[in-house]
Amino acid sequence: MSDVLVPPRPLTDAAPRAARRFTGRVLIGAAGLLLVLVVWEVAALVINDTVTLPTVQETVSETIAKLSEPYPAQGHTLWVNALISTGRILSGFLLGTLAGLLLGGAMASVRVVRELVDPILQVTRPLPPIAFIPLLIVWFGIGETAKIALIFSGVLPIVTIATLAALDAVPAELVHASRSLGASPLHTLVHVRLRSALPAVITGLRIAMGGAWTSIIAAEMIAATGGVGFVILQAGNYLQTPLIFSGIAFIAVLGFLFDGLLRLLLRAVDPTSR
Amino acid sequence: MSTLTAAPLVDTEASAVRVRDVSKSFRTRRRSHRAALEGVDLDIAPGEFLCLLGPSGCGKSTLLNILAGFDFPDSGEVLVGGHRVTGPGPDRGVLFQTPRLFPWLTTWQNVLYGPRARGLLTPALRDEAAGLLETVGLSDARDAYPHELSGGMRHRAAFARVLINHPGVLLMDEPFGALDAITRANLQRFLLSLWQERRTTIVFVTHDVEEATLLGDRVAVLSGSPGRTKSILDVGLPRPRTYDDTETLEFVTAKRRIREVLEAAP
Ligand SMILES: Nc1ncnc2c1ncn2[C@@H]1O[C@H](COP(=O)(O)OP(=O)(O)OP(=O)(O)O)[C@@H](O)[C@H]1O
Ligand SMILES: [Mg+2]
């Protein structure tokens, strides 16, 4: 029977080309970052004032110094502060994600839940999480609870909406195909509906993670005794501009790292993104 | 079982597919409901290749979805292999207009999805899957993902995915409608040789008269909405058929006869 069919061309020659494209993308991206550093350095040399704009070397040496030396004197090292911020983010993010997945899943499968929760989400979604900081401080004090609750309240609606939209977007034909191939409804739920929704859910997680970093830094600037946001605020108060840049660079690197992890996860579950 | 059919449920030889007085209407926003099918009757013998022909919107897909168990009739009776259809099942393989492979699975994993989901995966079945991929010409694309395949390759993969289940009935809803002429002709040839070999009962929806004439033993013509069985015609062309038959006089005559019925006023 195979003689009636055109033999498919081999698919293997695509692989090295993809690898070359990847290397090219990384090189171009690195060049872009390098360009920013060069512009920064030139501007700093022209301005010639550390408080307005420190040079790249000043920022780097300040960063290295504060990695081991606590700041302020009775505070923590940069490492510990970064760890504190990361801990808050992760707790709030994981709790918010879990709740969002459950809520989104419930909305997608139970009509009453959807109709009940949808208006609440629509009304609260435009509110920036930062608007809740004073309220959360009144409720929970300036301890960890308020900050984790802040992250949680920012992550929850994003993950809920992403999960709901992703489950709604699963093509009915895919579910039908699975059922008519003999899979049980439960097998179809897990291996087709949830599996098919996964990439879009992870994209939602990436957006939520970005938002979490924005709000945690804001919260640490208002009420905290540790964390990268706290360091930036303190450095600002004492006109230690190089340290402000260190803090900003730390956030950038941490944010990039976590987004990178989620992107790896996305690549692992979505073959079309490879 | 309703009193509508006199034949006992076990009488599978009489007809592989039996549709009796099936009606179906949909609720729409503007009108309270719109009739899609009205009193459709159809009997398909085991091993028969039946083409469902009719104008757009006459309910062909609706009927096929009912046979597949994705949707249910408002009234009437649908039996496949002597059993009342209560939902989708591996006894009825379905091929959609677009192939609908699972995009996160490779060709190989897609083909094995059915046996794996049912816990029936054996080494013998793996061998059979490898043979099927060979048959549909996808051995080299075994580890490729659906988005890396061409449209025709996806259709062939979807074929293999269904055939591994050995369905007694194949339900096909305009499966080649979206393909270019060459790929389409290739797949029609493949389907003909497959049917010649396996003698699976096939219900094939199309709105192409030539396709219906080439493939079908009989052609059921549905009339426009709401769909009813207008006429059932014997194609009457000898088997095995090949693609070259489309140029013979008998073929052209058969085609014209079917077109006349299709275009006649209801
Ligand atoms: N889910 C639905 N909700 C409402 N109306 C529907 C639905 N599915 C089908 N219909 C209506 O039922 C009728 C038959 O539709 P169906 O899809 O079965 O037609 P068809 O014969 O397959 O047409 P085509 O050849 O264009 O695919 C149409 O009038 C259509 O508008
Ligand atoms: Mg249709």
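Before reading on, note that the structure itself is shown above.
Below is a short write-up of the structure. The residue numbering used here restarts from 1 in each chain and proceeds along that chain's sequence as written. Lettering for chains starts from A, numbering for ligands starts from 1, and both go in the order in which the items are written. In keeping with the model being predicted, local features are shown solely for residues with a pLDDT of at least 70 and side-chain atom pairs are shown and tallied solely at 80 or more, while totals for entire chains, interfaces and linings include all residues. The side-chain figures draw on all heavy atoms in the structure; neither hydrogens nor water molecules are used.

1. Overview of the sheet that holds strand S7 (residues 169-173) of chain B
Pairing between the strands of a sheet is mediated by backbone hydrogen bonds and can be parallel or antiparallel. Residue and element names in this part refer to chain B. Selection rule: A pair of strands is considered paired only if DSSP assigns at least 2 bridges between the two. Working definition: helices are DSSP H or I runs of at least four residues, strands are E runs of at least two. Numbering for both runs from the N terminus. Interaxial angle, 0 to 180 degrees, is taken between N-to-C directions of lines fitted to C-alpha atoms, where a helix line uses only the stretch in contact. Whether two residues are in contact is decided by their heavy atoms: any pair within 4.5 Å suffices.
In space, the six strands of this open sheet follow the order S6-S7-S8-S3-S9-S10, with mixed pairing throughout. Pairing within the sheet leaves two strands with one partner each, and these edge strands are strand S6 (92-95) and strand S10 (228-234). Neighbouring strand axes in the sheet, compared pairwise and without regard to direction, differ in orientation by 20° on average. Bridge count between S6 and S7: four bridges; the pairing is parallel. Within the sheet, the bridge partner assigned to Leu 95 lies in S7 and is Met 172. Against the sheet, helix H1 (residues 60-68) engages strand S3 (49-53), S6, S7, strand S8 (201-206) and strand S9 (218-223), with an angle of about 150° to S7.

2. Quick look at the pairing of S10 of chain B
Two faces make up the sheet, and in a regular strand the side chains alternate between them. All names here are of chain B. Across six bridges, the pairing between S9 and S10 is antiparallel. Bridging across to S10, Leu 222 finds its partner in Thr 229. What sits between the antiparallel neighbours S9 and S10 is a turn of four residues.

3. Comments concerning the interface of chain B and chain A
Heads up, the condition is: Buried area adds together the accessible area that both of two parts lose upon being put together, with accessible area traced by a 1.4 Å probe. A pair is scored as a salt bridge if a Lys or Arg side-chain nitrogen falls within 4 Å of a carboxyl oxygen belonging to Asp or Glu.
Counting residues at the interface gives 37 residues for chain B, matched by 27 residues for chain A. Between chain B and chain A, a total of about 2900 Å² is buried, with carbon and sulfur atoms accounting for 70% of that surface. When the buried area of chain B at its contact with chain A is split by residue, Arg 100, Trp 104 and Tyr 113 of chain B rank highest and sum to 23% of it. The tally of links from chain B across to chain A stands at one salt bridge.

4. Concerning the pattern of salt bridges
Basically, it comes down to this: The buried label goes to any residue with under 20% of its type's maximum accessible area, the exposed label to any with over 50%, and the partly exposed label to all in between, with areas taken from a 1.4 Å probe on protein chains only.
Enumeration over the complete set of coordinates arrives at 21 salt bridges over all chains. Measuring nitrogen to oxygen at the nearest pair gives 3.1 Å for the salt bridge that ties Glu 115 of chain A to Arg 111 of chain A. Taken together, the positions of Glu 115 of chain A and Arg 111 of chain A, both in helix H4 (residues 111-124) and four residues apart, correspond to about one turn of that helix. There is no split in this pair, since Glu 115 of chain A and Arg 111 of chain A are both exposed. Taking the shortest distance from any N to any O, the salt bridge between Lys 24 of chain B and Asp 71 of chain B comes out at 3.2 Å. Of this pair, Lys 24 of chain B sits in strand S1 (residues 17-26) while Asp 71 of chain B sits in the loop between H1 and strand S4 (75-80), and the two are 47 residues apart along the sequence. A relative accessible area of 10% means that Lys 24 of chain B is categorised as buried. One salt-bridge network, held together by shared partners, links Glu 62, Lys 66 and Glu 69 of chain A.

5. A short note on the state of the cysteines
Residue and element names in this part refer to chain B. This is how the line gets drawn: Criterion for a disulfide: a pair of cysteine sulfur atoms at a distance within 2.5 Å.
Applying the stated criterion across every chain, the model contains zero disulfides over all chains. Looking at the unpaired Cys 51, the closest cysteine sulfur is the one in Cys 58, lying at 14 Å. Taking the relative accessible area as the measure of exposure, Cys 51 reaches 0% and is therefore buried.

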